[in-house]
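Listed here are the chains, written in short residue letters.
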Protein chains: 2
Amino acid sequence: MSELNNLCGSKESKFFFKADFDISEYGILPEICETIVSTGFETPNAAPIGIIQKNGTTFVRIFKGSQTGENVFKEGVLVANVVYDPLLLVRATFSKLELSEFDFLKLDGRNFPVLKAALSWVAFRCVGCKTTGRALLAELLPLQAGFRAENRKATPGPNRGFNAVLEATVHATRYQLTGDEKYVGWIRHYEELVRKCGGEKEKEAINLLYNVLDFE
Amino acid sequence: MSELNNLCGSKESKFFFKADFDISEYGILPEICETIVSTGFETPNAAPIGIIQKNGTTFVRIFKGSQTGENVFKEGVLVANVVYDPLLLVRATFSKLELSEFDFLKLDGRNFPVLKAALSWVAFRCVGCKTTGRALLAELLPLQAGFRAENRKATPGPNRGFNAVLEATVHATRYQLTGDEKYVGWIRHYEELVRKCGGEKEKEAINLLYNVLDFE
């Protein structure tokens, strides 16, 4: 097992420096914050993943067979990006983002991929990785964090349309995994909400989701 | 009809100065942005109301019999507050906020109420008021806007728990208006989501909503 593999297995590794800051200052609040996680020093990858804060511990649950799961297991780190772009959310769920959509942050000699669209980001070390069923569980220790100044605008007021894109995406991934028709009803409900409350970007995002699912 | 009543009726009034800025810079994005609207120069009132931007026009649809509706009709102005406090959202929906929860902004000799919890706010003049069915429709022209520096932190990442409090609140008001049992199913669904994804504040908010509705 390589030194990098150890990173995900042991809390004692001194491979990366320690950091002590409050991740909520970068927008990652309890209990589950829906971020887009970027991984992969060489070939970056991005996927929507919830950062969970419970009983004083920060952790993630990642689908084992996914590229993110493989990268976390191999490299022992991930970057959680706070993003409010509904189209990027759907694209990151169902397709591979372009290399040009990432910036690279040099940390301890390695290239951490950060999404250019991020409002803020937190790079984490993943420790104590273990697999349960179809999931990879890893505790997260913050390494570094930052804002992307060019994206730092006023906090957008709550938008039920954006929220509905998020819900529809969650149900769509479950539908793809299980084929359970109950999810179709949810997705159609949220599509209506997007049409009623969302802006142009939210409508574009739900159209893409419908294309991916081959819905009409 | 007083000069103030005219304000809500006519676009030609020169009572307030004109302003030309982009409300999206204060977090109010299309198509419907869920804000908490504060009104009432003398006795401030607050209620969750969507600010609608459609075909180049900004407008609101307010329940006619409400305090907000009365104030808008009488005073011809409102303040839209961008707020991410789930408990305040539920409290403003079902009860009267304390006077101490408002600050007052002096504009043209009048005291515009702004929520202390607001991240940002936009004061609007309401023009062309008309009633359709149970709603009061008014076009909104921006007067002034600002941020509350003490609340200006990182944009919180999407939280399905917060979003679920918002959805539950919408369904709860419809349930109170109509008594239609279909809304109960929705509310219970969103309560589950709050328990799973929300932080302490979201859980407190859904507990309050359950108390208001006398649910268990």
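Fair warning: this is a prediction, and the values are worked out from it, not measured in the lab. (Residues numbered from 1 in each chain as written. Chains lettered and ligands numbered in written order. Predicted model: local features only at pLDDT ≥ 70, side-chain atom pairs only at ≥ 80, totals over all residues. Heavy atoms only, no water.)

**As for the overall build of chain A**
So, step 1. Helix and strand content of chain A: six helices and eight strands.
So, step 2. When the helices and strands of chain A are listed from N to C terminus, the series reads α-β-β-β-α-β-α-β-β-β-β-α-α-α.
So, step 3. Here the C-alpha atoms of chain A give a radius of gyration of 17 Å, agreeing with the 17 Å that 2.2 N^0.38 yields for 216 residues.
So, step 4. Across the 216 residues of chain A, 58% fall into the buried class.
So, step 5. Within chain A, counting contacts between residues at least 6 apart in sequence, those at least 24 apart form 66% of the total.
So, step 6. Element-wise, carbon and sulfur atoms account for 49% of the exposed surface of chain A, whose accessible area totals about 9,800 Å².
So, step 7. With 26 positive and 27 negative side-chain charges, chain A shows a separation of 3 Å between the mean positions of the two kinds. (Helix = DSSP H or I, 4+ residues; strand = E, 2+ residues; numbered from the N terminus. Rg over C-alpha atoms; globule rule 2.2 N^0.38 Å. Buried < 20%, exposed > 50% of the residue type's maximum accessible area, 1.4 Å probe, protein only. Contact = heavy atoms within 4.5 Å. Areas by Shrake-Rupley, 256 points an atom, 1.4 Å probe, with all protein chains shown as cover. Lys, Arg positive; Asp, Glu negative; His and termini not counted. Charge placed at Lys NZ, Arg CZ, Asp CG, Glu CD.)

**Here's the deal with the interface of chain B and chain A**
So, step 1. At the junction of the two partners, chain B supplies 38 residues and chain A supplies 38 residues.
So, step 2. Summed over both sides, the interface of chain B with chain A buries roughly 3,200 Å², with 51% coming from carbon and sulfur.
So, step 3. It is Thr155, Pro158 and Arg160 of chain B in chain B that bury the most area against chain A; as a group they hold 23% of the surface buried on that side.
So, step 4. The shortest N-O distance in the salt bridge between Glu167 of chain A and Arg160 of chain B comes to 2.7 Å.
So, step 5. Connecting chain B to chain A are 19 residue pairs in polar contact (both at pLDDT 80 or more). (Buried area = accessible area lost by both parts, 1.4 Å probe. Salt bridge = Lys/Arg side-chain N within 4 Å of Asp/Glu carboxyl O. Polar contact = N/O pair within 3.5 Å; in protein donor to acceptor, adjacent residues only side chain to side chain.)

**Let's talk about the pairing of strand E4 (residues 77–82) of chain B**
Residue and element names in this part refer to chain B.
So, step 1. Within E4, six of the six residues are buried, which leaves it mostly tucked inside the rest of the structure.
So, step 2. In E4, alternate side chains face the same way, and those of Val77, Val79 and Asn81 on one face and Leu78, Ala80 and Val82 on the other are all buried.
So, step 3. Bridge count between E4 and strand E7 (residues 120–132): six bridges; the pairing is antiparallel. Its bridge partner lying in E7, Ala80 is registered against Val122. (Pairing = 2+ DSSP bridges.)

**Examining the nonpolar core**
So, step 1. In this structure, Ile187 and Leu209 of chain A together with Ile187 and Leu209 of chain B are the most contacted members of the largest nonpolar core, which totals 50 residues.
So, step 2. Of all the elements in the fold, those that place two or more residues in this core are helix H3 (86–94), helix H4 (160–178), helix H5 (182–197) and helix H6 (200–213) of chain A together with helix H3 (86–94), helix H4 (160–178), helix H5 (182–197) and helix H6 (200–213) of chain B.
So, step 3. Leave out the neighbours within four places in its chain, and Leu209 of chain A touches Val90, Phe94, Ala168, Thr169, Ala172 and Ile187 of chain A.
So, step 4. Val37, Val82 and Val122 of chain A together with Leu119 of chain B belong to the second largest nonpolar core, which has 48 residues in total. (Core = buried A, V, L, I, M, F, W, Y, C linked by side-chain atoms within 4.5 Å.)

**Examining the relation of the copies chain B and chain A**
So, step 1. Expressed as a screw operation, the relation of chain B to chain A combines 0.0 Å of axial shift with a rotation of 180°, fitting to an RMSD of 0.0 Å. Taken together, the rotation angle and the small translation identify this as a two-fold axis. In terms of proximity to the rotation axis, the leading residue of chain B is Thr155 of chain B, whose C-alpha is 2.6 Å off the axis.
So, step 2. Taken together, the interface assignments show that 100% of the residues at the interface of chain B recur at the interface of chain A, consistent with an identical surface on both copies. (Least-squares fit on C-alpha atoms with pLDDT ≥ 70 in both.)

**Points about the domain arrangement of chain A**
So, step 1. Along its sequence, chain A is carved into domain 1 (3–83 + 95–152) and domain 2 (160–213).
So, step 2. Averaged C-alpha coordinates put domain 1 of chain A and domain 2 of chain A at centres separated by 26 Å. (Domains from an automatic or database assignment.)

**Regarding the pairing of E7 of chain B**
Residue and element names in this part refer to chain B.
So, step 1. As judged from the 11 bridges shared by E7 and strand E8 (residues 135–147), these two strands associate in the antiparallel manner. Bridging across to E8, Thr132 finds its partner in Ala135.
So, step 2. Where E7 folds back onto E8 in an antiparallel hairpin, the turn is made up of two residues, including Gly133, whose phi is positive at roughly 60°.

**Quick look at the environment of Ile51 of chain A**
Residues and elements named next belong to chain A.
So, step 1. Within the element layout of this structure, Ile51 appears in strand E2 (residues 45–54).
So, step 2. Using a relative accessible area of 0% as the deciding quantity, one classes Ile51 as buried.
So, step 3. Between the C-alpha atom of Ile51 and that of Val184, which follows or precedes it by 133 residues, the distance is 26 Å.
So, step 4. With sequence-adjacent residues up to four places away left out, Ile51 is seen in contact with Ile28, Glu31, Ile32, Cys33, Thr35, Val37, Thr58, Phe59, Val60, Ala80 and Leu140.

**Focus: the pattern of salt bridges**
So, step 1. For the structure on display, the rule yields 16 salt bridges over all chains.
So, step 2. Between Glu191 of chain A and Arg195 of chain A there is a salt bridge whose closest N-O contact spans 2.9 Å. One end of the pair is Glu191 of chain A and the other is Arg195 of chain A, both in helix H5 and four residues apart, which spans about a single turn.
So, step 3. Judged by relative accessible area, Glu191 of chain A falls into the buried class, the value being 16%.
So, step 4. Across the pair Glu31 of chain B and Lys203 of chain A runs a salt bridge whose closest N-O atoms are separated by 2.6 Å. Here Glu31 of chain B is found in the loop between helix H1 (3–9) and strand E1 (32–39), whereas its partner Lys203 of chain A is found in helix H6 on a different chain.

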